[in-house]
Amino acid sequence: MKAPRFKGWFAKLPSLNQPQRRQLLDALYPAAGLDQVVALISEVRAPSRCCPRCGNERCYRHGFANDLQRYRCCACGRTFNDLTGTPLARLRLKAKWLAYSQVMLDSLPVRKAADRVGVHRNTAFRWRHRFLHWVKLDRPAVLNGIVEADETFLLESQKGSRTLDRPPRHRGGHAVKRGISSELDCILVARDREGRTVDAVTGRGALTAAQLARDLLPRLNRQALLVSDSHAAYRAFARKHRIAHETVNVRASVRVRRLGSLAIHVQNVNAYHHRFKAWLQGFHGVASRYLPNYLGWSWALDGQRIISPEQLLRIAISFINR
Ligand SMILES: [Zn+2]
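Please read all numbers here as calculations on a predicted model, not as lab measurements.

Thresholds applied
Residues numbered from 1 in each chain as written. Predicted model: local features only at pLDDT ≥ 70, side-chain atom pairs only at ≥ 80, totals over all residues. Pairing = 2+ DSSP bridges. Helix = DSSP H or I, 4+ residues; strand = E, 2+ residues; numbered from the N terminus. Buried ≥ 20, exposed ≤ 12 C-beta atoms within 10 Å, placed from the backbone. Arc of directions from axis to C-beta. Contact = placed C-beta atoms within 7 Å. Axes fitted to C-alpha atoms, helices over the stretch in contact; angles between N-to-C directions. Parallel < 35°, antiparallel > 145°, perpendicular 65-115°, else oblique. Nonpolar A, V, L, I, M, F, W, Y, C, P; charged D, E, K, R; others polar. Domains from an automatic or database assignment. Right-handed = clockwise from strand over helix to strand, strands pointing away.

A few points about the pairing of strand E1 (residues 59–65)
Here comes step 1: Of the pairings in the sheet, the one linking E1 to strand E2 (residues 68–73) comprises five bridges and is antiparallel in character. Counted as the bridge partner of Cys 59 is Cys 73 from E2.
Here comes step 2: With antiparallel pairing between neighbouring strands as the criterion, E1 and E2 make up a hairpin whose turn holds two residues, including Asn 66 at a positive phi of roughly 50°.

Looking at helix H4 (residues 110–117)
Every α-helical turn comprises 3.6 residues, leaving residues that sit three or four positions apart pointing alike.
Here comes step 1: The complete set of buried residues in H4 reads Ala 113, Ala 114 and Val 117. For H4, the angular spread of buried residues about the axis comes to 100°, placing them on one side.
Here comes step 2: Buried residues along H4 sit against helix H3 (97–105) and helix H5 (121–135).

Overview of unusual backbone geometry
Here comes step 1: The phi angle at Arg 90 is positive, at roughly 65°, despite the residue not being glycine.
Here comes step 2: Secondary-structure assignment places Arg 90 in the loop between strand E3 (79–80) and H3.
Here comes step 3: By C-beta crowding, Arg 90 is classed as exposed, having 10 other C-beta atoms within 10 Å.
Here comes step 4: Within the chain, Leu 93 stands out as a residue other than glycine whose phi angle is a positive 55°.
Here comes step 5: Examined against the element boundaries, Leu 93 turns out to sit in the loop between E3 and H3.

Considerations on the packing of H3 against helix H10 (residues 309–317)
Here comes step 1: Contact geometry for H3 and H10: axes closest at 8 Å, N-to-C directions at 100°. Considering their axes alone, H3 and H10 lie roughly perpendicular with respect to each other. In contact with Trp 97, Leu 98, Ser 101, Gln 102, Met 104 and Leu 105 of H3, H10 contributes Pro 309, Glu 310, Leu 312 and Leu 313.
Here comes step 2: Split by residue class, the contact of H3 with H10 holds seven nonpolar, two polar and one charged.

Details of the sheet that holds strand E4 (residues 146–155)
Here comes step 1: Taking strand neighbours across the sheet as the criterion, the five strands line up as E6-E5-E4-E7-E8 in an open arrangement whose pairing is mixed. Edge positions in the sheet fall to strand E6 (197–204) and strand E8 (244–247), since each has one partner strand and no second. In this sheet, neighbouring strand axes are inclined to one another by 25° on average, regardless of whether the strands run parallel or antiparallel.
Here comes step 2: The pairing of E4 with strand E7 (residues 225–228) spans three bridges and is parallel. Across the sheet, the residue bridging to Val 147 is Leu 226, located in E7.
Here comes step 3: Those strands touched by helix H8 (residues 267–280) are E4, strand E5 (184–192) and E6, and its axis lies near 130° from that of E5.
Here comes step 4: The sheet contacts of helix H9 (residues 291–301) involve E5 and E6, and relative to E6 the element is tilted by about 165°.

Looking at the environment of Ala 213
Here comes step 1: Within the secondary structure, Ala 213 sits in helix H6 (residues 209–215).
Here comes step 2: Here Ala 213 falls in the partly exposed class, since 16 other C-beta atoms lie within 10 Å of it.
Here comes step 3: Separated by 211 residues in sequence, Ala 213 and Lys 2 have C-alpha atoms that sit 64 Å apart.
Here comes step 4: Discounting residues that sit within four places of it in the chain, Ala 213 has contacts with Phe 237 and His 241.

A few points about the domain arrangement of the chain
Here comes step 1: Here the domain parsing of the chain yields domain 1 (25–85) and domain 2 (146–303).
Here comes step 2: Its C-alpha centre places domain 1 at a distance of 40 Å from the equivalent point of domain 2.

A short note on the sheet that holds E3
Here comes step 1: Read from one edge of the open sheet, three strands run E1-E2-E3, paired in antiparallel fashion. Looking at which strands have only one partner, the edges of the open sheet turn out to be E1 and E3.
Here comes step 2: Pairing of E2 with E3 involves two bridges; the strand directions are antiparallel. Following the sheet pairing, Tyr 71 is matched in E3 by Phe 80.

Comments concerning the pairing of E8
Here comes step 1: Pairing analysis gives four bridges linking E7 to E8, with the strands arranged parallel. Along E8, the bridge assignment pairs Val 227 with Glu 246.
Here comes step 2: In this region the chain leaves E7, passes through helix H7 (residues 232–240) and returns to the parallel neighbour E8; the handedness of that crossover is right-handed.

Put into structure tokens, the structure is as follows:
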């Protein structure tokens, strides 16, 4: 619409009655959501905008596609937009992304999320894991000072898989073997006293020193004091990599030990395990292969680290801490 005609149309707005205003707002609402998302994508991605094929920063505008500005690389000629190469590339219905981010902040299960946002439940599930793909990587670079580490276990699950690599569990939910076995997924959590937290699904069965070296060492300040229970894997790991290490004998019901002015315990990390497991119950069982995503999601929400849908969407499409 040309500007003068729009002006005339706009001047008549005050004469609308209440139902007409409602109708107008309902018609504009999705477009407003879309505009907000498109503006946010452009703002977040502009500083690092470059060709996904050759990395060249010089490009020119080359039309619009799927509501986004398209660019063409001056060097290699490839076209791209601000979502190319991100986990949200080629997802549709952008107008609903902020509403979807909000249902993620509300930890809604798939069906409820789908109903609230007005998408199919398969879409809600696909979006969940696309959104989490980078959100789960948004972690502190290193843990400092006293670093508590402990592992916890969840029954391995192949929910949603077409083929199982074991006989199905009838009326599932229980391991056949007692104790720590290959039926359990091991989740390592390490947390320093500033609340910085990293985690990893180390594999099935008991934790090993090699897994600690792979999953914890890169995120551990070498001057840190590692605190764990008396599990041999932690001792072997700390000795091999020359990391200061104190243990607390949880099996003998010693929960806290004083070391000078320091309190030696793993209670912060155990509380984190409890919060994670309690939160996970809202999803009625999740597949093992998605566990890292759920750990990342839980970390995003823990301590209200991410509180607005815009913030979540930003992290889903850009690099923050990694
Ligand atoms: Zn290029």
